[in-house]
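Overview (structure and organization)
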Amino acid sequence: MAPVTMVEAIREALDEEMQRDPTVVLIGEDIGVYGGAFKATEGLLAKYGWERVIDTPISETGLIGAAIGMSYQGLRPVAEMQFIDFIACGFNQMVNFAAKSHYRWGGPVPLVVRGPCGGGVHGGPFHSQNPEMWFVHAPGLKVIYPSTAYDAKGLLKSAIRDNNPVVCLEHKFLYRRVKEELPSEEYTVPLGKLAVRRPGRDLTIATYGAMALNSLEAAEELAKEGIEAEVLDLRTLMPLDRQGIIDSVRKTNKLLVVHEDVRSGGIAGEIAATVNEQAFEDLDGPILRVTSLDTPVPFAPPLEERFLPQVADITRAARELARY
Amino acid sequence: MATKVNRATAVGETSASRLSPELLLGLYRMMVKCRMCDEKARILFRQGKYAGNFYSNVGQEAGEVGAAYSLRDDDWVAPSHRDWTSNIIKRAPLKYCFAQLYGKADSPDRGKSTPAHMGYPELHVITPASTIAAQLMIGTGVAWGLRRQGKDSVVVSFCGDGATSIGWFHEALNFAGVHQLPMIYVVQNNLWAESVPLRLQTALKNLSDRAKGHGIAGVSVDGNDILDVYEAATAAIARARNGEGPTVLECKTYRWYGHSEIDPAKYRMKEEVEEWKRKDPIPRFEKYLAEHKLLDDEQKKQVRDEITREIDEAVEFAEKSPYPAPEEALEHVWA
Ligand SMILES: Cc1ncc(C[n+]2csc(CCOP(=O)(O)OP(=O)(O)O)c2C)c(N)n1
Ligand SMILES: [Mg+2]
């Protein structure tokens with residue numbers, strides 16, 4: 001089996017689920033003939049036809065609303081946002097309708113809304129955001145954010161089979177940069193379970209998305225200095241694998257959270273509160289965080305570089321923490 | 001208001017005779033300037049001179065220039081992603097327009113936003129948000145504000161055919177209709193929203209018909225005929241200034257290149273592109289001007305030479321301008 005990129009893994013997940021389950025339909029802008037702005041749906045129109053690969057007018061609130069309605073008719077829609085930033089245009093349907101539907105009248109919404117997020121490609125303020133916390137903060141939604149091709153495929157398949165609305169964030173910088181060989185047999189990755197990417201005894205780095213790669217790179221460097229960092233890839237942000245984080249902190253006694261999301265209101269705050277509540281006695285030092293800035297994502301290359309957390313920021317914070 | 005479509009290709013017999021030679025040549029020069037700047041922006045992107053992306057307006061200059069050329073300094077423009085040249089038409093110095101592409105410290109936003117999402121506060125060009133159609137309601141609010149201050153300024157907004165599917169488009173028209181606001185909604189119907197053809201966007205034939213549902217004026221013109229656009233826009237602007245309410249002005253046109261510089265546009269038929277290139281608004285207008293003895297080959301060359309010099313200087317300025325310092329990323333979050 002040849003190695004596949006993350007975006008190819010996503011296409012495989014969509015293809016396999018559509019093959020397996022005729023109720024799975026795709027809906028979005030430019031996903032048909034064009035195959036999606038990032039080619040995640042390439043070839044699927046030819047294979048499954050226009051009734052299952054639905055190209056819509058530009059209308060995020062309309063298409064997410066329609067997808068919710070379809071889900072009431074036994075369909076499992078997977079909606080693509082051309083850039084996840086534009087989910088803001090469908091925000092109402094997500095947080096007021098999809099999120100609350102089951103709670104209010106027992107109507108499950110087996111919907112996936114997926115799209116490219118994240119910076120590092122000079123996309124500027126409207127094509128680079130990490131909006132995960134908008135949705136983590138809306139009870140009723142699940143939020144996944146893979147960092148490997150294997151997880152992207154396995155998590156997306158689980159999300160499609162899940163009876164709840166799931167927001168799937170796909171870091172566009174990783175789409176073609178991570179590559180790996182995938183099992184030839186069918187597999188899924190469960191929602192709500194983190195992965196230990198690298199075991200270590202000295203401190204825990206909890207992270208996800210593109211920052212998982214930066215954190216692993218930092219861990220390599222730290223190892224040369226004799227600091228063994230355990231790197232946790234959260235993979236699902238809601239429901240959060242709190243136990244997995246606690247287990248690691250009990251072992252290392254130190255926690256650094258790294259995310260590309262802006263600092264204030266990022267998931268680091270929620271994780272710090274959880275560890276505070278459940279493992280305070282196990283901590284040997286302050287919980288630190290490395291995040292992007294509390295600003296919009298700027299365009300000019302030097303500004304964007306300053307905005308994004310760099311490997312050096314992670315090693316610096318880890319060294320500081322290791323001193324405790 | 002009558003809907004005119006697909007007028008004969010001969011331009012402007014009816015009203016152009018009333019327009020002064022200065023104005024006609026001014027319109028011409030501005031179309032050529034927009035075309036040349038846009039082509040230069042594409043080349044620079046392909047040469048890797050700047051990051052991000054660029055959305056070419058080539059082919060659509062007649063609508064772009066015809067609708068905004070005669071705006072006063074105190075009038076406003078609300079452009080979309082494809083209207084970087086709106087800044088040029090509002091007389092922004094070219095050096096700043098190119099500095100914007102490069103994300104340099106001398107651009108109006110000091111590198112904060114992407115190349116094509118350029119605004120120019122002093123010239124009343126609103127910074128476009130990437131979210132399609134968002135600028136329409138913003139422009140409509142500006143129109144409200146202008147009238148509230150007792151001004152007779154107007155707002156010209158631009159959007160594409162695709163934008164007319166979005167709720168905000170309709171919310172803007174509705175609000176402007178209720179309050180008879182001084183708005184001109186120019187719809188540059190280039191037949192495609194990225195890869196989606198018009199027939200998958202709407203069941204309408206004329207996008208100006210969208211105005212009917214909101215009780216406001218709507219007119220469709222040949223968007224590759226500068227005089228047709230100019231005439232309709234001038235009438236709409238005059239009505240808006242007089243407190244007679246908003247207008248939807250559909251310009252039927254075509255974008256020559258891909259949606260953006262990274263789109264090879266394989267979803268379109270070559271024949272369609274060729275057909276529209278034959279309707280290029282610039283040679284069409286040149287023919288008209290030549291027939292009226294207003295333009296000869298010598299003058300054509302002179303116009304292009306002048307603009308080339310201006311562009312060369314602007315590009316040199318943009319390249320020499322420094323990048324903003326990294327710490328500037330933290331500035332300007334709060335007012
Ligand atoms: C809310 C939103 N959805 C999707 C996009 C992605 N997108 C950018 S331009 C575009 C097509 C716009 O088509 P149209 O309005 O016809 O303008 P044109 O590009 O043809 O000038 C799309 C879908 C976006 N920018 N904003
Ligand atoms: Mg269009």
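Residues numbered from 1 in each chain as written. Chains lettered and ligands numbered in written order. Predicted model: local features only at pLDDT ≥ 70, side-chain atom pairs only at ≥ 80, totals over all residues.

1. A few points about the site of ligand 1
Taken together, 22 residues lie near ligand 1, and B:Ile132, B:Gly160, B:Gly162, B:Ala163 and B:Ala193 sit nearest. Per-site note: the chains with residues close to ligand 1 are chains A and B. Among the secondary structure elements, those contributing two or more residues to the shell around ligand 1 are strand E2 (155-160) and strand E4 (192-193) of chain B. (Near = placed C-beta within 6 Å. Helix = DSSP H or I, 4+ residues; strand = E, 2+ residues; numbered from the N terminus.)

2. Observations regarding the nonpolar core
Counting residues in each nonpolar core, the largest one holds 95 residues, and the members touching the most others are A:Ile205, A:Leu256 and A:Ala318. Two domains each donate at least three residues to this core, and these are domain 1 (4-180) and domain 2 (195-322) of chain A. In contact with A:Ile205, not counting residues within four places along its chain, are A:Ser215, A:Ala219, A:Ala229, A:Glu230, A:Val231, A:Leu232, A:Leu256, A:Val258 and A:Ala318. Of all hydrophobic cores here, the second largest spans 94 residues; its members include B:Phe54, B:Tyr102, B:Trp168 and B:Ile307. (Core = buried A, V, L, I, M, F, W, Y, C linked by C-beta atoms within 7 Å. Buried ≥ 20, exposed ≤ 12 C-beta atoms within 10 Å, placed from the backbone. Domains from an automatic or database assignment. Contact = placed C-beta atoms within 7 Å.)

3. Points about the confidence of the model for chain B
Residue and element names in this part refer to chain B. In the predicted model, chain B carries a mean pLDDT of 95, and 95% of its residues have values of at least 70. When the criterion is pLDDT under 50, residues 1-13 qualifies, and its contacts beyond four places in sequence or with other chains add up to 29 contacts. Our summary of model confidence lists the complex with pTM equal to 0.94 and ipTM equal to 0.91. (pLDDT = per-residue confidence, 0-100.)

4. Concerning the pairing of strand E5 (residues 112-117) of chain A
Residues and elements named next belong to chain A. Of all 6 residues in E5, 6 are buried; the element is thus mostly enclosed. Sheet topology note: the E5/strand E7 (residues 166-171) ladder contains 6 bridges and is parallel. Its bridge partner being in E7, Arg114 is matched across the sheet by Cys168. (Pairing = 2+ DSSP bridges.)

5. Section: the interface of chain A and chain B
The partner chain B presents 33 residues to the 28 residues of chain A that form the contact. At 6 residues, the largest contribution of residues to the side of chain A that touches chain B is made by helix H10 (residues 301-307) of chain A. Class assignment for the residues of the side of chain A that touches chain B results in 16 nonpolar, 6 polar and 6 charged. (Nonpolar A, V, L, I, M, F, W, Y, C, P; charged D, E, K, R; others polar.)

6. A word on the pairing of E2(B)
Residues and elements named next belong to chain B. With 6 of 6 residues buried, E2 lies mostly within the body of the structure. Going residue by residue along E2, you find Val155, Ser157 and Cys159 tucked away on one face and Val156, Phe158 and Gly160 tucked away on the opposite face as well. The sheet contact formed by strand E1 (residues 76-78) and E2 spans 3 bridges and is parallel. What sits directly across from Val77, in E2, is Val156. Two strands pair when backbone bridges link them, and E2 and strand E3 (residues 183-189) are joined in this way by 6 bridges, in the parallel orientation. Bridge pairing in E3 links Val156 to Ile184.

7. Concerning the packing of helix H4 (residues 94-102) of chain B against helix H10 (residues 297-320) of chain B
Residues and elements named next belong to chain B. The interhelical angle for the contact between H4 and H10, taken along N-to-C directions, is 45 degrees, at an axis separation of 8 Å. With respect to H10, the axis of H4 lies oblique. Our pair here, H4 against H10, has a crossing hand that is right-handed. Residues Leu94, Lys95, Cys97, Phe98, Ala99, Leu101 and Tyr102 of H4 touch H10, and the partners they reach there are Glu310, Ile311, Glu313, Ala314, Val315, Phe317 and Ala318. (Axes fitted to C-alpha atoms, helices over the stretch in contact; angles between N-to-C directions. Parallel < 35°, antiparallel > 145°, perpendicular 65-115°, else oblique. Left-handed = near helix turned anticlockwise from the far one by under 90°.)

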